[in-house]
Amino acid sequence: MKEKNNSSRRNFLEKITVGSLGVAIAGGISEKLFAEDKAQPISPINNNEFVSSKKFVPVMLTPYKQNGQIDFDGLSRLTDFYLAAGAKGLFANCLSSEMYSLSPEERLALTRHVAKRVNGAVSVVATGSFGETLNDKAEFTKRIYHTGINAVILITGHFAKKEENDDALIAGFEKFFNLTDNIPTGTYECPSPYKRVLTPQVFKYLLGTNRLIYHKDTTIDFDKVKAKINLVQNNRLEFYDACIANATNSLQTGAKGMSAICGNFYPEIISWICANATNPDRQGDVQFIQEQLTKTEDIISTNYSLSAKYFLQKRGVPIEISGRTSSSPLTAAQKQTLDEVYKTFIGWCDRIGIKPTTI
């Protein structure tokens, strides 16, 4: 990706700061699965139909009522929309969910609602490393795990101060793991409280703990992303790239899937590229869609997540264009630009032979 795109994506992330995998759980906690993937490994089958095990896992938005409270009916409809669009997992209580603007009880209620709505159809993960101390983080992790999710996501910036080195970060993770009863976890290089990209040293340590089954990567630099993917090899961890400009390269290199914000605009397109990135018969369309997604990323990122809610409302998803972290409403010019992206999206669907998802 060009440096301009790297910088704009990094700036955007800073702006919004306000196969089956069995996991044996000790201490009486039942066995969980992160990704109960019924798709077969990537291979041609007898009827020559290409089948992929790659996955789109959306970073879920939080719908609100006009009074500012969580709209749980709207959350049900949004969950159904993601699934209808081909999502093979869900990331609830994340930055796109405005997790830092939710109370602890709201985080739990939102996550519990999603897990109940899905009812085991796909796996659900949610951020749980909240609290002032490691003990606090461990206690909240236990609480959110027992909402029925498959793994608890740990924010990499929650386990060492910005000025502390990798040894301190590893020590923080190690103490946390000792406090959490082998609960299955994942990591997310979230830009808040500060963006802590995992170095190879830390990533190797985490892989060696056998505690992680999910990683959401925001490294952006594909050479560094590739180095991490190569470290995973036969580990049970599933690697998801958040940078849509890397989608084709990451998926073809060995990433399990994508977890990018554009999935909150056109999730069926991200599901399609996950399913076809390694399909030798669709590489022309894959390259076209990749170029289009990269080109529109900066546009849709402006005033996110209101931009996503506007786009979804335009698509017929019943969701209020409101949030807790946006400082200003969408302008008329921003809406007009999103209207143009919507028309472009319809053209993508025609090009690759799919229909826009409706609920």
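What you see as residue numbers is a count from 1 along each chain, following the sequence as written. Local features in this predicted model are restricted to residues of pLDDT 70 or higher, and side-chain atom pairs are both shown and tallied only at a pLDDT of 80 or more, whereas totals for entire chains, interfaces and linings draw on every residue. Just so you know, side-chain values use all the structure's heavy atoms and leave hydrogens and water out.

Engineer: What is the right way to read helix α10 (residues 283-301) from this model?
Structural biologist: Helical periodicity: at 3.6 residues per turn, an α-helix aligns residues three or four positions apart in one direction. Secondary structure follows DSSP: runs of H or I at least 4 residues long count as helices, runs of E at least 2 residues long count as strands, and numbering of each begins at the N terminus. Expected span of a helix, by definition, is 1.5 Å for each gap between consecutive residues, and there is one gap fewer than residues. Between its first and last C-alpha atoms α10 spans 27 Å; for 19 residues at 1.5 Å apiece the expected length is 27 Å, and the two agree. Each residue is assigned a bend, namely the angle between axes fitted to the seven residues that terminate at it and the seven residues that start at it. At K295, α10 is deflected by roughly 30 degrees, the largest bend along its length. Among all positions in α10, only D285, V286, I289, Q290, Q292, L293, T296, E297, I300 and S301 are buried. Between buried and exposed lies partly exposed: a residue is buried under 20% and exposed over 50% of the maximum accessible area for its type, with that area taken using a 1.4 Å probe on protein chains only.

Engineer: Would you mind going over the packing of aromatic side chains with me for this structure?
Structural biologist: Here the distance between the centres and the angle between the planes together describe a pair of aromatic rings. For this analysis, a ring pair means two rings from Phe, Tyr or Trp (six-membered ring only for Trp) whose centres lie within 6.5 Å, classed as stacked if their planes differ by under 30 degrees, edge-to-face if by over 60, and tilted for the remaining angles. Taken as a whole and judged by the stated rule, the model has 19 aromatic pairs. Taking 5.7 Å as the distance between ring centres and 90 degrees as the angle between the ring planes, the aromatic pair formed by F130 and F140 counts as edge-to-face. On the criterion of sequence distance, the pair formed by F130 in the loop between β7 (123-127) and α4 (134-145) and F140 in helix α4 is long-range, its members being 10 residues apart. Of the two residues, F130 and F140, neither departs from the other in class, the shared state being buried. Ring centres of Y266 and F345 lie 5.9 Å apart, and the angle between their planes is 25 degrees; this geometry places the pair in the stacked category. Of this pair, Y266 sits in the loop between β12 (257-258) and α9 (267-276) while F345 sits in helix α12 (residues 332-352), and the two are 79 residues apart along the sequence. You'll find Y266 and F345 in the same group, each marked buried. Cluster of aromatic residues (ring-pair linked, three or more members): F265, Y266, Y304, F311, Y342, F345 and W348.

Engineer: What should I look at first to understand the pattern of salt bridges in this one?
Structural biologist: Pairing between side chains of opposite charge can happen when their charged atoms approach one another. Salt bridge, as applied in this entry: a Lys or Arg side-chain nitrogen positioned within 4 Å of an Asp or Glu carboxyl oxygen. Under the defined criterion, the tally for this structure stands at 14 salt bridges. The salt bridge partner of R351 is D285, with a shortest N-O separation of 2.7 Å. Placement of the pair is R351 in helix α12 and D285 in helix α10, with a sequence separation of 66 residues. What makes D285 buried here is its relative accessible area of 15%.

Engineer: Got a minute to help me understand the side chain of S271 in this structure?
Structural biologist: Along the chain, the position of S271 falls in helix α9. There is a polar contact of 3.4 Å between the side chain of S271 and the backbone oxygen of G86. By definition in these notes, contact holds between two residues if any of their heavy atoms fall within 4.5 Å. The residues touching S271, leaving out its near neighbours within four places in the chain, are F56, A85, G86 and A87. Under this definition, polar contacts are N or O atom pairs within 3.5 Å; protein pairs additionally need one hydrogen-donor-capable and one acceptor-capable atom, and for neighbouring residues in sequence, both atoms have to be side-chain atoms.

Engineer: Sorry if this is basic, but what is going on with the packing of α4 against helix α5 (residues 166-178) here?
Structural biologist: Packed helices, taken two at a time, are described by the angle between their axes plus the distance between the axes. Note on geometry: axes are C-alpha line fits, over the in-contact stretch for helices, and angles between N-to-C directions span 0 to 180 degrees. Where α4 contacts α5, the two axes come as close as 9 Å, and the packing angle between them is 50 degrees. With respect to their mutual orientation, α4 and α5 come out oblique. In this structure, the crossing between α4 and α5 has a hand that is right-handed. From α4, L134, K137, A138 and T141 reach across to α5, where they touch G172, K175 and F176. In this classification, the charged set is Asp, Glu, Lys and Arg, the nonpolar set is Ala, Val, Leu, Ile, Met, Phe, Trp, Tyr, Cys and Pro, and all remaining amino acids, among them Gly, are polar. Of the residues contributing to the contact of α4 with α5, the split by class is 3 nonpolar, 2 polar and 2 charged. What sets the label is the angle itself: under 35 degrees gives roughly parallel, over 145 gives roughly antiparallel, 65 to 115 gives roughly perpendicular, and the rest give oblique. Left-handed describes a crossing whose near helix is turned anticlockwise from the far helix by less than a right angle; the clockwise case is right-handed.

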